[in-house]
Amino acid sequence: MAYTKITAAVVGKKYRSAVASYRRQLSEGSLRLSFEQEADAYFRRCALGIWAAGGGELTDNHVDAYNAICSGTNRPAQVLYLELCAAVSAAPDFQTPGFFSQLMAADRGTGRDRVGPFCDLCQLVFLLLAAVYDQLNTAAADCARSYTDRLRQAAGQPPLSPRTPAAGGSSADGSAAKSTAAQEETDAQSVQEGQAEEPQPTLEELMAELDSLCGLEKVKKDVRSLVNLVKIRKLREEQDLPVPAMSLHLVFMGNPGTGKTTVARLLAGIYRAIGVLPKGQLVEVDRSGLVAGYVGQTAIQTQKVIQSAMGGVLFIDEAYSLASQPGSNDFGQEAIDTILKAMEDHRKELVVIVAGYSNLMMKFIHSNPGLESRFNKYIYFDDYTGPELYEIFCSTCQKNGYQVEDALKERLPGFFQTLYDERDENFGNARDVRNLFEKLVSIQSDRVAQLEQPTREDLMTITCADFDQAEQEEE
C-alpha cells in the first residue's frame, strides 16, 4: 500500500468528528466542560512532541495541521511556521491531561468506562499527527504509539499490540524493519480511510454552545423563544392541530464582530436537530458571491449558491448592498428576485438569514414588498461591553495557549472599557479583540525569538511591554 500523507483538512475533519463523538459520552456537565477546555491545547502539545520525535524538516502541512486542531466553539490556533519550529524544538515531555485523572475518578466504582474510549480517541489523533509528513516517518509513528501506551498504562490498561522493533533486533534480511514500516503505513492509512462521517451535534449540544457564547443575552433569549415556537408547531402538526403560517427567515441586525455568523451557524444546526431542515449546513455569502457583471449571469450564479444551501441556511452578509440605487444598472435586484423565488418554491428546504448594520437593513427590507412579507422576524445584536470584550480576549488567549502577566491583567479591563466607551462607526467588537490578540502574538514572537533558550513560560506569556508596543504601533 502506497503511503499517502494526511492533509490538514483531513486532520481537522477527523479531529472534530472524533472529539464530538467522544464528547457525547460525557453526560456529566463538569466532565464535559473540563474535556472541552483542555482537549485542543492537550492535542496541540502532543503534536509538538510527536513532530519533535519525528525530526526532519517541518512543512506548511504541519503548520496547517496544528492550526486545524480545533473543536466546538474554540478558535483555531494561528501559529506561523517559525513559531511552530520554535515550539517543536522546545516540545514538552509527554503528560496525561488534567482531565484524565478527573475522568478516572468519575469512572471508579461506577462500572462505566470513559477512559478506554478516551485512549482510543488519543490513538486516532496521535496517528493522524504522525501521518502529516510527506513520507512515512517511523519515529513519529513510534512516538504516537508510545503516547497511547503511556496513557493506557496510567489507566491500568494493557498497551497496544507489541511490535517488532525497527532496529537493534531485526533479522538478517531486515524483515522486522519491513514489518514495522508496513505496520506504520497501515496505521497511517487507517486514520484516513474507513472513518465514520462527522456526527451531527444534538439539540442539547447546540443550545449549550449557544449559552457558552460571551454576552448576547438578548440574542440567546430570542433564539430560545424561536426554537420553542418551532418545536410547539411541530408537536401541533403531529396532533393534527391547526398551525398558522410562519416564516423562519430572519434578519440579523448589528455591527460587525457581534457574533451574527456564529449564531447563524448554530441556528442552522438547531433547525436540523428539531426536524425543520433536512441537512442544517450554513452557506455564507455576500454581494460578490451573488452578483455577476453581465445580464443573465447573476441569476445563474445566485442559483448555484442557493442549490449549495438547499436543506440548510443561506446567510447573506451585508445584504443591503444588493439593493439597487435609483437610476443605476445594478444587478443586485436580479439576485434578490432569484432568492425570493427560491424562498417561495422551497419553503421546507431553505431558510434565508440576511444580516448587516441595523439602519441599513431596515431600509433594505422596506425597499421591497417581497422582502417585507418574507422577513418579519428581527434579532438585534448589541455591541459587546468592555467587560465582555475583556472576557473574549482572555478566552482567546486560553484557547490558543497564551497567558497574560499579572501587571497586564490589571490594565486590560480599563483598556477594553475605554475601547467600548469611545467606539465609533468603525468599531469592530470581537474583531477588534482578535486583531489585538494577533498583533500581540506577533510582537511577542519577535521578542521571544531573540532569547537564546526560551522557556515554556516565555513562549506562553504576553507582557506589558508587548502591549505597550502594540499601542505605539497603532498611534
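Residues numbered from 1 in each chain as written. Predicted model: local features only at pLDDT ≥ 70, side-chain atom pairs only at ≥ 80, totals over all residues. Heavy atoms only, no water.

S.K.: What exactly am I supposed to notice about the nonpolar core here?
M.R.: Generally speaking, nonpolar side chains in soluble globular proteins are found buried as a group. Residues Val223, Phe252, Tyr271, Ile353 and Phe393 are the most contacted members of the largest nonpolar core, which totals 54 residues. Other than its neighbours up to four places away in sequence, tyrosine 271 contacts Leu226, Val230, Leu248, Leu250, Val276, Leu277, Val313 and Val351. If you look at the next biggest cluster of nonpolar residues, it comprises 53 residues, including Val11, Phe118, Val125 and Tyr133. (Core = buried A, V, L, I, M, F, W, Y, C linked by side-chain atoms within 4.5 Å. Buried < 20%, exposed > 50% of the residue type's maximum accessible area, 1.4 Å probe, protein only. Contact = heavy atoms within 4.5 Å.)

S.K.: I would appreciate a short explanation of the sheet that holds strand β4 (residues 351-356) in the present structure.
M.R.: Read across the sheet, five strands follow the order β2-β3-β4-β1-β5 without closing on themselves; strand pairing throughout is parallel. The open sheet has two edge strands, β2 (282-285) and β5 (378-381), and neither has a second partner. Shown here is a sheet whose adjacent strand axes are inclined to one another by a mean of 20°, direction ignored. With five bridges joining them, strand β3 (residues 313-317) and β4 adopt parallel strand pairing. Bridge assignment links leucine 314 to a residue of β4, and that residue is valine 352. Where helix α11 (residues 260-273) meets the sheet, it contacts β1 (250-254), β2, β3, β4 and β5, and its direction lies at approximately 155° from that of β1. (Pairing = 2+ DSSP bridges. Helix = DSSP H or I, 4+ residues; strand = E, 2+ residues; numbered from the N terminus. Axes fitted to C-alpha atoms, helices over the stretch in contact; angles between N-to-C directions.)

S.K.: How should the packing of helix α16 (residues 386-399) against helix α17 (residues 406-421) be read in this particular structure?
M.R.: Geometry of a packed helix pair, given as the angle between the helix axes and the separation of the axes. One way to put it is that α16 packs onto α17 with a least axis distance of 7 Å and a crossing angle of 130°. Between α16 and α17, the interaxial angle falls into the category oblique. The crossing of α16 and α17 is right-handed. Each of Gly386, Pro387, Leu389, Tyr390 and Phe393 in α16 lies in contact with α17, whose residues at this interface are Lys409, Leu412, Pro413, Phe416, Gln417, Leu419 and Tyr420. Looking at the contact of α16 with α17 residue by residue, the classes come out as nine nonpolar, two polar and one charged. (Parallel < 35°, antiparallel > 145°, perpendicular 65-115°, else oblique. Left-handed = near helix turned anticlockwise from the far one by under 90°. Nonpolar A, V, L, I, M, F, W, Y, C, P; charged D, E, K, R; others polar.)

S.K.: It is not clear to me how the pattern of salt bridges should be interpreted in this structure. Could you clarify?
M.R.: A pair can form between side chains of opposite charge whenever their charged atoms are brought close. All told, the structure shown has 16 salt bridges when counted by the stated rule. Where arginine 24 meets glutamate 205, a salt bridge forms, and the shortest distance between an N and an O atom there is 3.6 Å. Taken as a pair, arginine 24 in the loop between α1 (8-23) and α2 (29-54) and glutamate 205 in helix α9 (residues 203-212) lie far apart in primary sequence, 181 residues in all. Across the pair glutamate 471 and arginine 411 runs a salt bridge, and its minimum N-O distance is 3.8 Å. With glutamate 471 in helix α20 (residues 464-474) and arginine 411 in helix α17, the pair connects residues that are 60 residues apart, well separated along the chain. (Salt bridge = Lys/Arg side-chain N within 4 Å of Asp/Glu carboxyl O.)

S.K.: Explanation requested: α9 in the structure shown.
M.R.: Structural remark: α-helix, 3.6 residues per turn; residues separated by three or four positions point the same way. Within the span of α9, buried status applies to Leu203, Glu205, Leu206, Met207, Glu209 and Leu210. Those residues of α9 that are buried lie in contact with α1, α2, α10 (217-238) and α11.

S.K.: Looking at this model, I keep getting lost on the side chain of threonine 396. Mind explaining?
M.R.: Its location among the elements puts threonine 396 in helix α16. Not counting residues up to four positions away in its chain, the partners in contact with threonine 396 are Arg75 and Phe437.

S.K.: What is the right way to read α11 from this model?
M.R.: In this model α11 runs 20 Å from its N-terminal to its C-terminal C-alpha over 14 residues, within 8% of the 20 Å that 1.5 Å per residue would give. Counting buried positions over the 14 residues of α11 gives ten, a clear majority of the element. Turning to α11, its buried residues are Lys260, Val263, Ala264, Leu266, Leu267, Ala268, Gly269, Ile270, Tyr271 and Arg272. Glycine 275, located one to two residues past α11, shows a positive phi value of around 85°. (Expected span 1.5 Å × (residues − 1).)

S.K.: Looking at this model, I keep getting lost on the side chain of asparagine 400. Mind explaining?
M.R.: Among the structural elements, asparagine 400 can be located in the loop between α16 and β6 (403-404). Accessibility expressed as a relative area gives 13% for asparagine 400, which makes it buried. Those residues within four positions of asparagine 400 in sequence are excluded, and the remaining contacts are Arg44, Arg75, Pro76, Ala77, Gln78 and Phe437.

S.K.: Help me out: how do you make sense of the state of the cysteines in this one?
M.R.: Going through the model one piece at a time under the given rule, you end up with zero disulfides. Here cysteine 46 stays free of any disulfide, with the sulfur of cysteine 122 as its closest cysteine sulfur at 6.8 Å. Residue cysteine 46 is classed as buried on the basis of its relative accessible area of 3%. (Disulfide = S-S within 2.5 Å.)

S.K.: Before we go on, may I ask you to explain the confidence of the model for the protein in this structure?
M.R.: As a general rule, the predicted coordinates of low-pLDDT regions are not to be interpreted in detail. On average, residues of the protein score 84 in pLDDT, and 88% of them are at 70 or above. Predicted confidence in the protein is weakest over helix α8 (residues 175-190), with a mean pLDDT of 45, and strongest over α17, with 95. Of the regions scoring below 50 in pLDDT, residues 162-188 engages in 32 contacts with residues more than four places distant in sequence or in other chains. Contacts from residues 190-197, a stretch scored under 50 in pLDDT, to residues over four places away or in other chains number 15 contacts. (pLDDT = per-residue confidence, 0-100.)

S.K.: Honestly, the packing of aromatic side chains in this entry has me stumped. Any pointers?
M.R.: Centre distance and the angle of the planes are the two values used to describe a pair of aromatic rings. For the structure shown, the criterion picks out 19 aromatic pairs. Where phenylalanine 415 meets phenylalanine 416, the ring centres are 5.2 Å apart and the plane angle is 75°; that geometry is what we call edge-to-face. One aromatic cluster is present, formed by Tyr15, Tyr42, Phe43, Phe94, Phe126 and Tyr147 through successive ring pairs. The side chain of arginine 423 reaches across the aromatic face of tyrosine 420, ending 4.0 Å from its centre. (Phe/Tyr/Trp six-rings, centres within 6.5 Å; stacked < 30°, edge-to-face > 60°. Lys NZ or Arg CZ within 6 Å of the ring centre and 35° of its normal.)

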